[in-house]
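Geometric and topological summary
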Amino acid sequence: MDGTSSIRLLLQVVRDIGGNSGAGFSGEFKKDCIDLSRRVVLLSHLFEEIMEFKGDVKLMNLSWSSELMVALQDAEKLLVVSASFDHKISPDGAAKKILFQFQSVTWKLEQALANIPYDHFDISEEVKEQVDLVRDQMRRARERYGKPLNSAADKDLHIVETTININHQDSKTKIETASKEGFSKVCNHNKAVHSSSKSCETSSLVDESKKSDAPTIPVDFLCPISLELMRDPVIVSTGQTYERSYIQKWIDCGNTTCPKTQQKLQNSILTPNYVLRSLIAQWCVTHNIAQPNSLTNRRLKGHDGSFVDITKDIEAIEVLIRNLSSVSIQERRSALTKIRSLSKRSTDNRILLAESGAIPVLVRLLTSEDNFTQENAVTSILNLSIYENNKELIMLANAVPSVVQLLRTGTMETRENAAATLFSLSLANENKIIIGASGAIPELVNLLGNGSNRGKKDAATALFNLCVYQGNKGRAVRAGIIPVLLKMLSDSSMIDESLTILSVLASHQEAKTAIVKASTIPVLIDLARIGLPRSKENATSVLLSLCKRDKDNLDCISRLGAVIPLTELANNGSERAKRKAKSLLEHLQRSQQVQH
């Protein structure tokens, strides 16, 4: 079967799942079925773009497509089995085993999506971001279902499939049975990854579920997209409620339908669901569950689980926040200075400031024409972002565009702290996509090339983290990062930063081409020969990425005498340097054997 036919079949399975879900689900696993089918249907745009690809289709025949086909067929089969499940007429324990199946299928889909060569097929940034969102949802769902299964558990799954499918013969005949070999491969991989954990054993999973006294979270308290307890529930025009950040991302990706009902959204207005938010808070208190934040009724939860009354602290902070809007510039500056100081001191202060509403006000101050105000506002936001939960609040306040503007026009200290803020926010994977699409990367590249020493380091850290996401690598190359990095290789204080970023970029074809075109290979070989130990290690890593499956680059490093420094590293370098050098020498040896 050729590559195009493979993709056409994948697309057909996705459409079949979408068509079956249109008929509706019922029974105890209705929500699980809806969630799984919705995520699968979102992949149709990906396969449509691959179908339109005009380049080399040989990669379509590799294992990623067959692996994905197995995962999708397993998903289709599971949806049939569980669509109208009724425990009253099903064997004992069948429901628990179906939950295991949802976890296993979700894991396989997540892994299969990770193996697609997106760059080869020139997938658009919009579709990549949508796939990333689906993978993130699958990861969260998998974690909610439980830890990965081992092969023993999978045998039980085969038994429950056989038992339940007796009542679904008509549907079952329409679905091709998944390859046992493929299924076993996934399970064995799971077992290898988690072999050190006793909880991987089926008996441990069952024992844990029996002894767990944790209350079940009401379904209405969970966001239909993230499957997590909501902290900021909002209502869309169809009347459905979602966590604000997730439904906002859904809308920002260009979707115009309600994820749960598939109805057309009449508008993009998000109305806070205060009643549900209050019910969630009450439920958390009743069941002694940590709320999405640790502040309850003006009491702060300490590390020992006890609550401390902080009414006076909150009142003082609220006064400072009100003063941020004062008509007196001196009063505004004074309040901002105190908030910057408070946000620097402790996690408790960061929680109090955020819960008292400081973040939206600080974000508004980022657009002030007063340099003092800009600098202290962005630094306060940087400090607040250190607390993980505040990252989401900062993103919800739409801080990124204003931070990028400061990165472009602020004083040098303001630009440094703006870069550091983007780095801090980008530690959350979903934020890498948003920040990358905001226009931040060209400004960070500019700071990397023309900033102060501290500014260059802040920019380098932010760029490295953003470029971990594949879609941002092309943006960095188009922003001119390669010549800047090459220049940095001659600056002893920035060599390691430059090599670290190059090592991340070198796996991207557009970046790889630009690196080679800039005559970087001779410089990398010199660093591998005479650089400091860390520089030798990183230079070898970059060379390996450039030379994998690239005969021209292998010939180039061979002509430039790379074998001698690589042999030295393979014998006497750090453990990582030895690994990289040995691998590159093996590539060189194979290339020479082919020539002869």
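Bear in mind that the values here come from a model prediction, so they are computed numbers and not experimental data.

What about the overall build of the protein?
When helices and strands are tallied, the protein shows 32 helices and six strands. When each of the 596 residues of the protein is scored for burial, the buried share is 49%. Taking the intrachain contacts of the protein between residues at least 6 apart in sequence as the baseline, contacts between residues at least 24 apart amount to 70%. Per element, the accessible surface of the protein, about 28400 Å² overall, is 51% carbon and sulfur.

Considering the side chain of Glu110
In this fold, Glu110 is placed in helix α5 (residues 94-114). The exposure class of Glu110 is buried, given its relative accessible area of 9%. Excluding residues that lie within four positions of it along the chain, Glu110 makes contacts with Arg135, Met138, Arg139 and Arg142.

Overview of the packing of helix α26 (residues 495-505) against helix α29 (residues 533-547)
Their axes nearest at 9 Å, the elements α26 and α29 cross at an angle of 25 degrees. With respect to each other, α26 and α29 are oriented roughly parallel. The handedness of the crossing between α26 and α29 comes out as left-handed. Contacts between α26 and α29 pair Ile495, Asp496, Leu499, Thr500, Leu502 and Ser503 from the former with Arg534, Ser535, Asn538, Ala539, Ser541, Val542 and Ser545 from the latter. A per-class count over the contact of α26 with α29 returns five nonpolar, six polar and two charged.

Considerations on the confidence of the model for the protein
Keep in mind that low pLDDT regions are not for reading the predicted coordinates in detail. When pLDDT is averaged along the protein, the result is 78, and 79% of the positions lie at 70 or above. Here residues 147-212 is modelled with pLDDT under 50, and outside its nearest four sequence neighbours on either side it reaches 73 contacts, counting other chains as well.

Considerations on α29
Over its 15 residues, α29 runs 21 Å from end to end, which matches the ideal 21 Å to within 8%, given 1.5 Å per residue. Most of α29 is tucked away, with eleven of its 15 residues classed as buried. Within the sequence span of α29, burial applies to Ser535, Glu537, Asn538, Ala539, Thr540, Ser541, Val542, Leu543, Leu544, Leu546 and Cys547.

Here's the deal with the environment of Ile515
By the secondary structure assignment, Ile515 is in helix α27 (residues 509-517). You can call Ile515 buried: its relative accessible area is 0%. Once the C-alpha coordinates of Ile515 and Leu485 are considered, the two residues, 30 residues apart in sequence, prove to be 9.5 Å apart. Residues within four places of Ile515 in sequence aside, it is in contact with Ile482, Leu502, Ala506, Thr520 and Leu546.

Observations regarding the pattern of salt bridges
By the definition in use, this model includes 17 salt bridges. With a shortest N-O distance of 2.7 Å, Arg333 and Asp370 are connected by a salt bridge. Placement of the pair is Arg333 in helix α14 (residues 329-345) and Asp370 in the loop between α16 (358-365) and α17 (371-384), with a sequence separation of 37 residues. Of the charged contacts, one joins Glu575 and Lys578 as a salt bridge, the two residues approaching to 3.8 Å between their closest N and O atoms. Highlighted residues: Glu575 and Lys578, both in helix α32 (residues 575-595), separated by three residues, approximately one helical turn. Among the ionic contacts, a cluster of salt bridges with common partners joins Asp136, Arg139 and Arg140.

Quick look at the sheet that holds strand β1 (residues 233-235)
With antiparallel pairing, three strands are arranged side by side in an open sheet as β2-β1-β3. In this open sheet, the two strands that pair with only one neighbour each are β2 (241-243) and β3 (271-272). Looking at chain direction, β1 and β3 are connected through two bridges and run antiparallel. What sits directly across from Ile235, in β3, is Thr271. Helix-sheet contacts for helix α11 (residues 244-252) involve β1, β2 and β3, and the interaxial angle to β2 is about 95 degrees.

A short note on the environment of Val81
Within the secondary structure, Val81 is located in helix α4 (residues 63-82). Each C-alpha atom of the pair Val81 and Ile98 lies 8.6 Å from the other, and the pair is 17 residues apart in sequence.

Re the packing of helix α19 (residues 400-409) against helix α22 (residues 440-450)
Packed helix pairs are characterised by how far apart their axes lie and by the angle those axes make with each other. Orientation of α19 relative to α22, taken along the N-to-C sense of each, is 30 degrees, at an axis distance of 9 Å. One finds that α19 runs roughly parallel with respect to α22. In this structure, α19 meets α22 at a crossing whose hand is left-handed. On α22, the residues touching Val404, Leu407 and Arg408 of α19 are Ala440, Glu443, Leu444 and Leu447. Among the residues making up the contact of α19 with α22, the classes are represented as five nonpolar, no polar and two charged.

Structural notes on the state of the cysteines
Applying the stated criterion across every chain, the model contains zero disulfides. Of all cysteine sulfurs, the one in Cys547 lies closest to Cys556, which takes part in no disulfide; the gap is 7.7 Å.

Side note on the environment of Glu143
Following the sequence through the fold, Glu143 ends up in helix α6 (residues 125-145). Note on Glu143: relative accessible area 48%, which makes it partly exposed. Spatially, the C-alpha atom of Glu143 lies 9.4 Å from that of Trp107, the residues being 36 residues apart in sequence.

Conventions and cut-offs
Residues numbered from 1 in each chain as written. Predicted model: local features only at pLDDT ≥ 70, side-chain atom pairs only at ≥ 80, totals over all residues. Heavy atoms only, no water. Helix = DSSP H or I, 4+ residues; strand = E, 2+ residues; numbered from the N terminus. Buried < 20%, exposed > 50% of the residue type's maximum accessible area, 1.4 Å probe, protein only. Contact = heavy atoms within 4.5 Å. Areas by Shrake-Rupley, 256 points an atom, 1.4 Å probe, with all protein chains shown as cover. Axes fitted to C-alpha atoms, helices over the stretch in contact; angles between N-to-C directions. Parallel < 35°, antiparallel > 145°, perpendicular 65-115°, else oblique. Left-handed = near helix turned anticlockwise from the far one by under 90°. Nonpolar A, V, L, I, M, F, W, Y, C, P; charged D, E, K, R; others polar. pLDDT = per-residue confidence, 0-100. Expected span 1.5 Å × (residues − 1). Salt bridge = Lys/Arg side-chain N within 4 Å of Asp/Glu carboxyl O. Pairing = 2+ DSSP bridges. Disulfide = S-S within 2.5 Å.

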